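# Observations on the three-dimensional arrangement
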Amino acid sequence: MGAYILRRLLLGIITLIGLSIVVFVLTRASGDPVALLLGPQATAEQIEAERARLGLDESMPVQYWSFIKEAATGDFGESLFYHEPASEIVMDKFPATLKLIVVSLAFGIPLGILIGVLCAIKRNKAFDILGRTLALVGQALPVFWVGILLVLIFSVKWEIFPAGGMSGPQSYVLPAATLGSFVVAAFTRLTRSAMLDVLGNDFISFARARGISEKSVILKHALKNAFLPILTFVGLIFVRLLAGTIAVEAIFVWPGIGLLSYQSVLAGDYPVVQTIVLLFGVVTIGVNLMIDLLYGQLDPRIRYT
Amino acid sequence: MVTALLSVEELKTYFFTRRGVAKAVDGVSFALRRGETLGLVGESGCGKSVTCLSILRLVPQPAGRIVGGKILLEGENLLEKSETEMRRIRGGKVAMIPQSPMTALDPVFSIWSQLSETIKRHQKMPGKGVWETAVTSLREVKIPSPEVRLRSYPHQLSGGMRQRVIGAMALACQASLIIADEPTTALDVTIQAQYLSLLRRMRDHLHAGMIFVTHDLGIVKRMCDRVAVMYAGKIVEEAPVKAIFQSPQHPYTMALIKSVPRLDTKVGRLASIEGHPPPLFDLPAGCAFRPRCSEATEACDVIPLRQEIEQGHWVSCHLVRGTGDKRRYANIA
């Protein structure tokens, strides 16, 4: 177990190095931030001097090496616009995003699982058909469209919830509902098919034949088995939501990392963009490792070697 | 007269589907005493399994429904029981030995968890008693170091051990009726023999009645006291094992016996029964075996009645008439 975690962590570091190369090259290939920074009035000398100050006149490998060296000490460079350490800016915004994602998952996953289980029990009945249709629609609708629609209805027309910003609990409702609708839809579909899969098994019919109540058959035996694919999906959806927050935070002016990355990409603030991408990478790797470890708790057949 | 443990009377279980009504079990009657084993034989889809599921009232919903008859277990009609009462009977008085013992245990719960779950449902006893009952029953089915095995998960046990765990459940819950639905079909021959002797021991230990579903006549000979031959939802012949093999009366029974390969005689091609069982949606009028029967006559347009030709030997065939009037080609097998 210990050796397994260690190996996974080493693999994670290798993945992060790969990710850093990709993002490093891509941010520099996407345009020269200095021209944006100094504005159209800047002279060629001024631009040259600024590039030298930022180290942009060096070759790409040299730049990357100095970036990695500093990153290893926790220094991810300075934001070109805020003139503050990029890591501080990113970590400052990260909690808001994390809260939004956790709230969305906290209601989205249980609700999705509940509807999915009910759909599976009521297979091909009215409830199932309605649930399936809604889930399909919920998954197909783009997040930004749902967000804008919710703002139009609940903020502009009825004025129940704030249209943007992060203030009290009420400000969470619309952005979390936007992200959450996607989560509910995805988990409904997944849980339904996972449950139907499990319910066809011999051990389910045998559980009934040994007199186990239908409630136990569904909620204990079937659901625990169905949890394996569900758990896998929790990891996937977490990462999807990290990316999904960019649109949602832009719509709801949520002071999180999604909004920050959107602004930083537009402004060419590459130290911040790099830091965000690497943070996403760390979170993704961490969540996946955690889920792989949880598997073992759920399924005794899984061994870590 | 010894009262029957189980008595099934005119049981009818139909499946209502878009293609029509499939009469999977259509007027089946038989009785079973304690300590006795009744073999239920026939081709796939003749209604053997549905008969078993009907006794447990676990016919696949919503298509399947028991539309008529009585199932008397120790004199009480199971068809009048509530779902809660049935749950107490399933796994309690009536133990099911599933078709695939390898996959019948839930892979994500330990043996203890599943065994104790079953015991607690059917026996009122304190926690310590449950543990002791579990250990004792595992010991009775000859599982070595039961205390250790209880903590294992199904995948950590061999196939043979998993079967014995299922047997232990029936023992722990003091089943009086064991329904074994093709319990050996999925097993290879060496394990088969072991499993059969385990089932026999269980039956004797509990002094239970056993319904043994199979299409292997060789197993019937070794396991059963009496045999009921099913065809297209009906029992066409029922007799003590000896009588079935020595003087089968129904043409279908004879054909079944002829199609068993034998070691002691030289045969060329193995005999097979021409044609297929009729679709249950669309049974021929009269005797259902008529289209495949080489001796059918016009009389077969009418469904033959059940008649007792000898004590305990029942046949439904027009070619057999009256008590003692055995057919000319008796002793064919």
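Residue and element names in this part refer to chain B. The strand order across the open sheet built from 8 strands is S6-S7-S8-S3-S9-S10-S12-S11, with neighbouring strands paired in mixed fashion. Two strands lie at the open edges of the sheet, namely strand S6 (94-97) and strand S11 (307-310), each paired on one side alone. The mean inter-strand angle of the sheet, taken between neighbouring strand axes irrespective of direction, is 20 degrees. Bridge analysis of S6 against strand S7 (residues 177-181) gives 4 bridges, and the strand direction is parallel. Note on S7: the bridge partner recorded for Ile97 is Ala180. Against the sheet, helix H1 (residues 48-56) contacts strand S3 (37-41), S6, S7, strand S8 (209-213) and strand S9 (226-231), and its axis sits at roughly 145 degrees relative to S7.

What follows deals with the interface of chain B and chain A. Across the boundary between the two partners, chain B contributes 25 residues, which contact 18 residues of chain A. Both faces considered, chain B and chain A share a buried interface measuring about 2000 Å² in area, 62% of it formed by carbon and sulfur atoms. Scanning the region where chain B abuts chain A turns up 2 salt bridges. Note that Lys220 of chain A is salt-bridged to Glu117 of chain B, the shortest N-O span being 3.1 Å. For the side of chain B that touches chain A, the secondary structure elements donating two or more residues are helix H3 (111-122) and helix H6 (159-172) of chain B. The residue makeup of the side of chain B that touches chain A, split by class, is 12 nonpolar, 8 polar and 5 charged.

For helix H9 (residues 202-209) of chain A, the set of buried residues is Phe203, Ile204, Phe206, Ala207 and Ala209 of chain A. Elements in contact with the buried residues of H9 of chain A: helix H8 (170-199) and helix H10 (214-252) of chain A together with H1, S6 and H6 of chain B. Just past H9 of chain A, the residue Gly211 of chain A takes up positive phi, approximately 90 degrees.

Attention now moves to the layout of surface pockets. Gaps between atoms show up when a probe of the same size as a water molecule is rolled over them. All names here are of chain A. Of the voids in this model, the largest pocket is the one considered here, and its volume is about 1400 Å³. It is H9 that contributes the most residues to the lining of the largest pocket, 5 residues altogether. Looking at side-chain class alone, the lining of the largest pocket contains 18 nonpolar, 7 polar and 12 charged residues.

A few words now on the packing of aromatic side chains. Aromatic ring pairs: the centre-centre distance and the angle between the two ring planes describe each pair. According to the stated counting rule, one finds 13 aromatic pairs over all chains in the structure shown. Seen in terms of ring centroids, Phe154 of chain A and Phe161 of chain A are 6.1 Å apart; in terms of plane orientation they differ by 50 degrees. Their pairing is tilted. On the accessibility criterion, Phe154 of chain A (22% relative accessible area) is partly exposed. Of the residues examined, Phe161 of chain A reaches a relative accessible area of 22% and is grouped as partly exposed. Over the ring of Phe109 of chain B we find Lys224 of chain A, and its NZ or CZ is 4.7 Å from the ring centre. Sitting over the face of the ring of Trp314 of chain B, Arg306 of chain B holds its NZ or CZ atom 4.1 Å from the ring centroid.

The rules behind these values
Residues numbered from 1 in each chain as written. Chains lettered and ligands numbered in written order. Predicted model: local features only at pLDDT ≥ 70, side-chain atom pairs only at ≥ 80, totals over all residues. Heavy atoms only, no water. Pairing = 2+ DSSP bridges. Helix = DSSP H or I, 4+ residues; strand = E, 2+ residues; numbered from the N terminus. Axes fitted to C-alpha atoms, helices over the stretch in contact; angles between N-to-C directions. Contact = heavy atoms within 4.5 Å. Buried area = accessible area lost by both parts, 1.4 Å probe. Salt bridge = Lys/Arg side-chain N within 4 Å of Asp/Glu carboxyl O. Nonpolar A, V, L, I, M, F, W, Y, C, P; charged D, E, K, R; others polar. Buried < 20%, exposed > 50% of the residue type's maximum accessible area, 1.4 Å probe, protein only. 1 Å grid on protein atoms, 1.4 Å probe; cavity = no way out; pocket = protein on both sides within 12 Å on 5 of 7 lines; lining within 4 Å. Points joined across faces, edges and corners; volume = space filled by probe spheres on them. Phe/Tyr/Trp six-rings, centres within 6.5 Å; stacked < 30°, edge-to-face > 60°. Lys NZ or Arg CZ within 6 Å of the ring centre and 35° of its normal.

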